[in-house]
Amino acid sequence: MTKPLSGPEVARQIGEQSPDAVTGFDETAIFVHSEALLEVARFLKESLEFDYLTSITAVDYFEYFELVYHLTSIKNNYSLVLKTRCAKGEIPQVPSVVSLWQGADFQERDVYDLMGIAFDGHPNLKRLFMWQGFQGHPLRKDFSGGAQD
Amino acid sequence: MEIEKPYVSSELDRAESAEIEALIASSQQPYPDPVAWIDEEVQRNILVTAIDSVINWGRRSSVWPATLFPACCAFELVATAASRFDISRFGMELMRASPRQADLMLVAGTVTWKLAPALRRIYDQMPEPKWVVAMGACAISGGAFRGSYSVVPGVNLIIPVDVYIPGCPPRPEGLLHGIMMLHRKIARDTISKKGQDD
Amino acid sequence: MALKTEPLVINMGPQHPSTHGVFRMRLVLDGEVIVDMEPIFGYLHRGIEKLAESKTYLQNIPFTDRLDYLASMSNNLAYVLAVEKLAQIPVPERAEYLRVIMVELMRISSHLIAVGSLLNDMGAFFTPLLYMFREREKIMDLFEMVCGQRLTYNYMRFGGVSHDIPEEFIPALKRFIDAMPGFIDEYDQLLAENEILLARTKGIGVLPADKAINASVSGPVLRGSGVKWDIRRADPYSIYDRFDFEIPTGTTGDIYDRYRVRIEEMR
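What counts, and where the lines are drawn
- The numbering scheme is per chain: residues are counted from 1 as the chain's sequence reads.
- Key to labels: chains lettered from A, ligands numbered from 1, both in the order written.
- Given that this is a predicted model, residues contribute local features only at a pLDDT of at least 70 and side-chain atom pairs are listed and counted only at 80 or more, while totals for whole chains, interfaces and linings are drawn from all residues.
- The basis for the side-chain values is all heavy atoms of the structure; hydrogens and waters are excluded.
- The rule for pairing is simple: two strands pair if DSSP sees at least two bridges between them.
- Strands here mean DSSP runs of E at least two residues long; helices mean DSSP runs of H or I at least four residues long; both are numbered from the N terminus.
- For every element, the axis is a line fit to its C-alpha atoms; helices are fit only across the contacting stretch, and the angle between N-to-C directions ranges from 0 to 180 degrees.
- Contacts are residue-level and defined by heavy atoms, with any inter-residue pair within 4.5 Å sufficient.
- Between Lys or Arg on one side and Asp or Glu on the other, a salt bridge is scored when a side-chain nitrogen of the former is within 4 Å of a carboxyl oxygen of the latter.
- Here the term buried applies to any residue with accessible area under 20% of the maximum for its type, exposed to any over 50%, and partly exposed to those in between, with areas from a 1.4 Å probe on protein chains only.
- Summed over both partners, buried area is the accessible surface (1.4 Å probe) that two parts give up on being assembled.
- Counted as a polar contact is a pair of N or O atoms within 3.5 Å, where, for protein atoms, one must be capable of donating a hydrogen and the other of accepting one, and residues adjacent in sequence contribute only when both atoms are in side chains.
- Put simply, Ala, Val, Leu, Ile, Met, Phe, Trp, Tyr, Cys and Pro go in the nonpolar bin, Asp, Glu, Lys and Arg in the charged bin, and everything else, Gly too, in the polar bin.
- Confidence scores per residue from the predictor, reported as pLDDT, run from 0 to 100.

Peer 1: Outline the sheet that holds strand 3 (residues 33-40) of chain C, listing residues and values.
Peer 2: Spatial ordering of the open sheet is given by 1-2-3 (chain C), a layout of 3 strands whose pairing is antiparallel. Looking along the sheet, the strands with just one partner apiece sit at the ends: strand 1 (8-12) and strand 3 of chain C. Across the sheet, the mean angle from the axis of one strand to that of its neighbour is 20 degrees, orientation sign disregarded. The strands touched by helix 1 (residues 9-26) of chain B within the sheet are strand 2 (24-30) and strand 3 of chain C, with strand 2 of chain C carrying the most contacts at an inclination of about 140 degrees.

What follows is the structure in C-alpha cells.
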C-alpha cells in the first residue's frame with residue numbers, strides 16, 4: 001500500500017533543510033513558497049528518495065494559482081503532494097523542476113499552454129496542445145474563447 | 001548528443017499557426033453538400049448513359065479509402081475492416097495511406113483546428129473523382145465537443161461532405177450502410193457533369 | 001573524396017499509418033538514421049477539461065470515455081473513483097467485482113490492439129491485427145451484453161455500475177476465459193521465434209530503468225524497463241488487494257521486452 005507521507009513530519013524535515021520554505025501543511029499536502037520550490041524538490045528527490053514525478057497540475061482559484069505536484073517514491077512506496085501558490089498576473093513565473101525529473105518537461109509545457117504559468121529554467125517552454133499563435137490560456141477561469149454552454 | 005537543427009523550430013511553428021488562423025477565418029460557412037443524386041432531370045444522351053453505368057460500376061466497386069484516423073471512430077472503422085464485418089467484400093480493404101491513390105476520404109473522429117489545414121491539404125491532394133464521408137457525430141457537427149475552443153464544429157466547414165453517418169461511434173453496420181449509400185450515389189453520377197461544381 | 005551530406009528534415013505528419021491517432025514528429029535524418037526528433041502534440045486536444053467545467057459530474061463520465069478510447073472502462077473507473085473518494089460514497093461489493101472484471105477485460109482488449117498494431121507497423125501488414133480483432137470482437141460482444149455499447153461504454157457510475165449483468169454474461173465470460181490462453185499461445189508461437197520480429201525489436205528503443213523513472217513513464221512501458229511497479233499492487237484501489245497476480249517485467253527495456261510484458265499481462 002502506498003503510504004502517503006504525513007504533513008507535519010515531512011514539513012519538519014523540509015523546514016530543517018530550508019527554513020521558511022514551508023508555508024503550511026495539512027494532512028494531505030505541503031505548501032511551499034514558489035521561490036523555494038526547486039530546493040525543496042531537490043531535497044525531496046535526494047534525501048527522501050522521491051524519484052518519480054507522477055503529475056504536475058495547476059488550479060485556478062480566483063485570487064491565485066495553485067500548482068500541485070504529486071510525487072512518488074518507487075523504492076520505498078510513499079507518495080506526497082506538494083503545493084505552491086503563485087499570484088495571478090499576466091504570466092506568473094515559477095522555477096522549473098525539469099533538471100530533477102525529466103518527466104516534468106511536457107507537463108510543464110501543458111501547464112504553460114493551458115494556464116499560462118511560465119517556468120524558468122525550462123529548456124523549451126512553448127505551447128504543447130494549442131498552436132503557437134493562439135491567444136489566451138484556455139483553462140483559466142476567465143477565458144472566454146469558446147466552451148459556450 | 002546535441003545536434004544542430006537545420007531549421008528553426010519557432011519559425012516553422014509560427015508559419016503553421018498562421019496557416020491555422022487563416023483557415024479558421026475562412027471557414028465560417030459550411031460548404032454546400034454535392035447534390036449529384038438529387039438532380040434527376042439532367043439531359044443525357046444514350047451513349048453517355050451506357051458509358052456512365054460501366055464507369056460508375058467500376059468506380060463504386062472498389063473505392064479506396066484514405067483514412068484520417070483522429071479518434072475513437074477510427075477503431076470502429078478498423079473493426080469494420082477486420083474479419084467480422086468485412087469491408088473487403090466491397091473492395092475497400094486497401095486503406096491507402098497516400099491520398100494520391102485514394103478515392104474516398106473517411107473522416108473518422110474529432111477534427112481540431114490544429115489538424116484542419118492538414119485535412120484540407122489531404123483533400124486537395126486527392127485526385128478527382130473523390131468523395132468524403134463524415135463518420136461519427138464529431139465529424140458531422142463537432143459532436144460531444146461542440147463549443148470547445150479547439151474543435152471544428154463539423155468537418156463540412158472545411159471540405160464538402162457527401163455522406164454523413166451518425167453515431168458515437170457508429171456501429172460497423174451503420175458504417176456499411178453509409179458506404180452503400182455512397183455506392184448508390186456514385187451509381188447515379190454522370191461524366192457529363194464534370195467540372196460543374198467545386 | 002568525401003561526399004557532402006546534409007541532414008534532411010522530414011515531417012512525419014498527423015496522417016500516417018504508423019502514427020496511430022494523430023501524433024506528429026519533425027525528424028532530422030542523416031541518410032536513413034534519425035538523429036533528432038521533435039514531437040508535436042495537440043492534434044486531438046478537444047478541450048475536455050474546459051467543457052467539463054460547465055457540466056455536472058455525472059455528465060462528465062462520457063467525456064472520460066473519449067480520453068483514451070481504447071481503454072474506456074478504465075478511464076471511467078479512474079474518474080468515478082476520484083469522485084467517490086471526494087464525496088465518500090461507499091460501493092457495494094458486487095459492483096466492485098463487476099468493475100474489476102470489466103477493467104481487466106478492457107486491459108486485455110487494449111493490449112491486443114497494442115500488440116497487433118506493433119506487428120502491423122513492423123510489416124506484417126494486417127494479419128496479426130485481424131487475429132487480434134477477432135478476439136477483441138468477442139470481448140466487445142461481452143461488453144455489448146452488459147451495457148449496449150461497443151466502444152465508449154459509460155458504464156461506471158458513482159457508487160457502482162449502471163446496469164447489472166444479464167444471465168448470459170457469466171457463461172459467455174467463462175467460455176472466453178477458457179479459450180483465451182490457447183489463443184495467446186497460438187499467437188505467441190507464431191511470433192516469438194520469428195527472426196524478423198526479433199531482429200527488429202531486440203536491442204532497439206532501449207529505455208533504461210532509471211531514465212524511465214525519471215521521465216515519469218508508467219504502465220507496461222515502465223514494467224518493460226524492469227521496474228516492478230504496478231499500481232494495482234502498490235496502491236490498490238477498488239478491491240485489487242484481494243487478488244493475487246504476478247507482475248511481469250522485462251529486463252532491458254527494448255521493444256521486445258515491452259511486447260513480452262503485454263503478452264504476459266494478457267495471460
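Structure shown, so let's carry the discussion forward.
Peer 1: Give a description of the pattern of salt bridges that names residues and reports values.
Peer 2: All chains considered together, the criterion is met by 15 salt bridges over all chains. We note a salt bridge from Glu173 of chain B to Arg171 of chain B, for which the minimum N-O separation is 2.9 Å. Classification of Glu173 of chain B by relative accessible area gives partly exposed; the value is 40%. Each member of the salt-bridge network shares a partner with another, and the members are Glu66, Lys83 and Arg85 of chain A.

Peer 1: So, the interface of chain B and chain C: which residues are in play, and what are the values?
Peer 2: Accessible area lost during the coming together of the parts is what is often quoted as the interface size. Opposite the 42 residues of chain B that make contact, chain C presents 40 residues. Between chain B and chain C, the buried area comes to about 3,700 Å², and carbon and sulfur atoms account for 62% of it. Taken as a group, Phe75, Lys114 and Phe145 of chain B account for 16% of the area that chain B buries against chain C, more than any other trio of residues on that side. Inspection of the region where chain B meets chain C yields 2 salt bridges. The closest approach of N and O atoms between Arg150 of chain C and Glu76 of chain B, which form a salt bridge, is 3.2 Å. The tally of links between chain B and chain C comes to 8 residue pairs in polar contact (both at pLDDT 80 or more). Of all the secondary structure elements, the ones that give two or more residues to the side of chain B that touches chain C are helix 1, strand 1 (65-68), helix 3 (73-81) and helix 4 (116-125) of chain B. Per-element accounting of the side of chain B that touches chain C gives the leading share, 5 residues, to helix 3 of chain B. Considering only residue class, the side of chain B that touches chain C consists of 26 nonpolar, 8 polar and 8 charged.

Peer 1: An account of the confidence of the model for chain B is needed here, citing residue identities and associated values.
Peer 2: Residues and elements named next belong to chain B. The predicted model of chain B averages 75 in pLDDT, with 82% of residues at 70 or higher. The secondary-structure element of chain B with the lowest mean pLDDT is helix 2 (residues 46-61), recorded at 70, while strand 4 (residues 163-165) shows the highest, at 87. Contacts of residues 38-43 to residues separated by more than four positions or lying in other chains number 3 contacts, the stretch itself having pLDDT below 50. Here residues 194-198 scores under 50 on pLDDT; set against residues more than four positions off or in separate chains, the count is 4 contacts. Per the prediction output, this complex has pTM 0.80; the corresponding ipTM is 0.78.

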